[in-house]
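Structural features, examined
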Amino acid sequence: MALRTIREYGDDVLARPCKEIKEVTPRIRELVDDMLETMYDANGVGLAAPQVGILKRLVVIDVSPEGDQPLIMINPVILETDGEQTGYEGCLSLPGKSGIVTRPNYVKAKAYDLDMNEYIVEGEELLARAICHELDHLDGHMYVEKVEGELVNNEDLTAPDDDEE
Ligand code: ZN
């Protein structure tokens, strides 16, 4: 495993659509391992492949308090959403910044695991937000396009939230 360089906002790779993964090759497995290591190292709760410069439809997410429940989503698609949540959101590709974004409070998505078996995941609150945020990356979108008001510096937040996606 190895840490990968996280691409930052303004890098063209973050504005491009990603391609579906047809087969889980050893290189894809290595990419997943590296993305998890990179995400945990950066204290993030999610990371999408384009954030490490790879234009493939792959995201990793872990919103568990201990950081021991990785969710690996290959070719993910949102099936249903419900409700609404409004709160601060950050991104590892825009370090030190946050902004207020409204997202669904519930998301149901399908994806493939490393054995290319399809599975369903349902999430509320932070998990729902993380799924929406990461899947946006796969279509070349970043949360800054949805921010209500100004981006703020994390140190200016009254209730600091270290989670970045
Ligand atoms: Zn992000």
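Structure: above.
Parameters and conventions
Residues numbered from 1 in each chain as written. Predicted model: local features only at pLDDT ≥ 70, side-chain atom pairs only at ≥ 80, totals over all residues. Heavy atoms only, no water. Pairing = 2+ DSSP bridges. Helix = DSSP H or I, 4+ residues; strand = E, 2+ residues; numbered from the N terminus. Axes fitted to C-alpha atoms, helices over the stretch in contact; angles between N-to-C directions. Contact = heavy atoms within 4.5 Å. Core = buried A, V, L, I, M, F, W, Y, C linked by side-chain atoms within 4.5 Å. Buried < 20%, exposed > 50% of the residue type's maximum accessible area, 1.4 Å probe, protein only.

With that settled, the discussion passes to the sheet that holds strand β8 (residues 148-153). With respect to topology, three strands assemble into an open sheet ordered β4-β5-β8, the strand pairing being antiparallel. Two strands close off the open sheet at either side, each with one partner strand: β4 (85-89) and β8. Across this sheet, the average inter-strand angle for adjacent strands is 25°, counted without regard to direction. Relative to β8, strand β5 (residues 97-103) runs antiparallel, the two sharing three bridges.

With that out of the way, let us pick up the environment of Ala-111. Inspection of the secondary structure assignment puts Ala-111 in strand β6 (residues 106-112). On a C-alpha basis, the gap between Ala-111 and Val-24 in space is 13 Å, while along the polypeptide they are 87 residues apart. Those residues in contact with Ala-111 that sit more than four places away from it in its chain are Met-73, Ile-74, Asn-75, Pro-76, Asn-117, Glu-118 and Tyr-119.

Moving on: the nonpolar core. Counting residues in each nonpolar core, the largest one holds 18 residues, and the members touching the most others are Val-59, Ile-61, Leu-71, Met-73, Val-121 and Ile-131. Within the second largest apolar cluster, 16 residues are counted, among which are Val-24, Met-35, Ile-74 and Leu-92.

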